Amino acid sequence: MTQEDKILIGKAVAQINKSITNDIRIMEICGTHTYQIARFGIRKLLSPKIHLVSGPGCPVCVTEPGYIDTLIKLLEYEDVVVATFGDLLRVRGSYGSLEEQLAFGKKVITVYSPENVLDIAKKRKNENIVFAAVGFETTAPLYAALIKMTRKERINNLFLLTSIKQMKPVIRFILGKDNVNVDGMLCPGHVAAITGTAPFLPITTDYNIPAVICGFEAMDIIASISILCRQITGEIPVQFMNTYKRCVCDTGNRLALDLINEVFEISDVNWRGIGMIKDSSLILNRNYKEYDALIKFGIKMQSSSNLFPKECECGKVLIGEKTPDMCVNFACKCTPEHPIGPCMISSEGACASYYRYGGYS
Ligand code: SF4
């Protein structure tokens, strides 16, 4: 960050803080914003009357235990290799984590990109590679491109176990609650870069809550918070705004949306800490079902009531009802080295961000 940026941010923060006289709550829906807000120390710059609370946008945190259980069940097949991004390794289901399965000698591989998975499938032709496909609309096009490439290259040993989620239904879930306590929303610029602005418009049109599509630099976040505060205090009318126009256009990324529409269809899915949300998921459609691990192995997604370990407040942290420092375990029994709940495991989890950067007051 340049000296000029720091001066600009200082001026903007002073103006924001001066304008706020009552307590307000702004929710950042996505985990990347949670991380960046903590990393830049933004929470500590703002007036204590401005409460920045996290939402359910950390993909690893909201992955249901039953999904982990299903991956573990698939590992019972001797020829199955589970490929996963690293953050998911330590998340626990009812019977433990993939990391523990690895220690037990099961075949679990950490990958860094979908291309990695394609290479593994080509090299390990006698095994079946199941890729743990979790995420939001940002990663869905990558999974779609992977499956199209799998078909094009006639690879027949690569499958997805999907738990890909969509933002719009979960936003409706949060704002539709009786005791909703959110005055403004920071919306994820990377999701909007794919989807366009449409999924986020109802925040203002249907719920009359200020909303801003926001980028991920400190100045993006401060500028967006400033706009939200001006709307919340009544200085300017409540309206939907996009401060990330350098990356987000109203109609989104046509190529990425075409990929999603070609490969996936909409379905219901369980969110950890929230429960089933209708039409909130993307699953492989009938033209691509042959790549669905559930169909290949003839199993069902496990369901689990074991949502969170005892005394873990992730369920409330994920919907902005509590901040991590309100949990009795935070920074004592629960740390990134010894995490209790998923919000301390993923780097985008609110608890891990708070812990790492001291974002709490
Ligand atoms: Fe759960 Fe740990 Fe966060 Fe508490 S600090 S809510 S135990 S992850």
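Please refer to the structure placed before this passage.
What comes next concerns the included structure. (Residues numbered from 1 in each chain as written. Predicted model: local features only at pLDDT ≥ 70, side-chain atom pairs only at ≥ 80, totals over all residues. Heavy atoms only, no water.)

### Considerations on the layout of surface pockets
If a probe the size of a water molecule is rolled over the atoms, the empty space left behind becomes visible.
Working step 1: The computed volume of the largest pocket comes to approximately 420 Å³.
Working step 2: Forming the boundary of the largest pocket are 24 residues, of which P59, V60, G135, T139 and E348 lie nearest the centre.
Working step 3: Looking at the lining of the largest pocket, the elements that each hand over two or more residues are α2 (31-39), β3 (80-85), β7 (128-135) and α9 (189-195).
Working step 4: Among the elements that line the lining of the largest pocket, the one with the most residues is β7, at three residues.
Working step 5: Taken together, the residues of the lining of the largest pocket sort by class into eleven nonpolar, eleven polar and two charged. (1 Å grid on protein atoms, 1.4 Å probe; cavity = no way out; pocket = protein on both sides within 12 Å on 5 of 7 lines; lining within 4 Å. Points joined across faces, edges and corners; volume = space filled by probe spheres on them. Helix = DSSP H or I, 4+ residues; strand = E, 2+ residues; numbered from the N terminus. Nonpolar A, V, L, I, M, F, W, Y, C, P; charged D, E, K, R; others polar.)

### So, the site of the ligand
Working step 1: Around the ligand sit C312, E313, C314, C327, N329, F330, C334, I340, G341, M344 and C351, and that is every residue in its neighbourhood.
Working step 2: Judged by the fraction of its atoms near the pocket grid, the ligand is located in the largest cavity.
Working step 3: When the residues that make up the shell around the ligand are grouped by side-chain class, the tally is eight nonpolar, two polar and one charged. (Near = heavy atom within 4 Å. Sits in = over half its atoms within 2 Å of the grid points.)

### Quick notes on the state of the cysteines
Working step 1: Under the counting rule described, the total for this entry stands at one disulfide.
Working step 2: The disulfide that involves C58 links it to C61, with 2.4 Å between the sulfurs. As the torsion about the S-S bond is roughly 70°, the C58-C61 disulfide counts as right-handed. For the pair formed by C58 and C61, the shared burial category is buried.
Working step 3: The thiol of C229 is unpaired, and the distance to the nearest cysteine sulfur, on C214, comes to 12 Å. (Disulfide = S-S within 2.5 Å. Buried < 20%, exposed > 50% of the residue type's maximum accessible area, 1.4 Å probe, protein only.)

### Concerning empty space enclosed by the protein
Working step 1: Enumeration over the complete set of coordinates arrives at two cavities of 30 Å³ or more.
Working step 2: In this model, the largest cavity occupies a volume close to 90 Å³.
Working step 3: In terms of lining, the largest cavity is formed by 14 residues, of which the most central are C312, C314, C327, C334 and C351.
Working step 4: Taken as a whole, the second largest cavity encloses approximately 50 Å³ of empty space.

No statement about biological role is implied by the geometric values presented.
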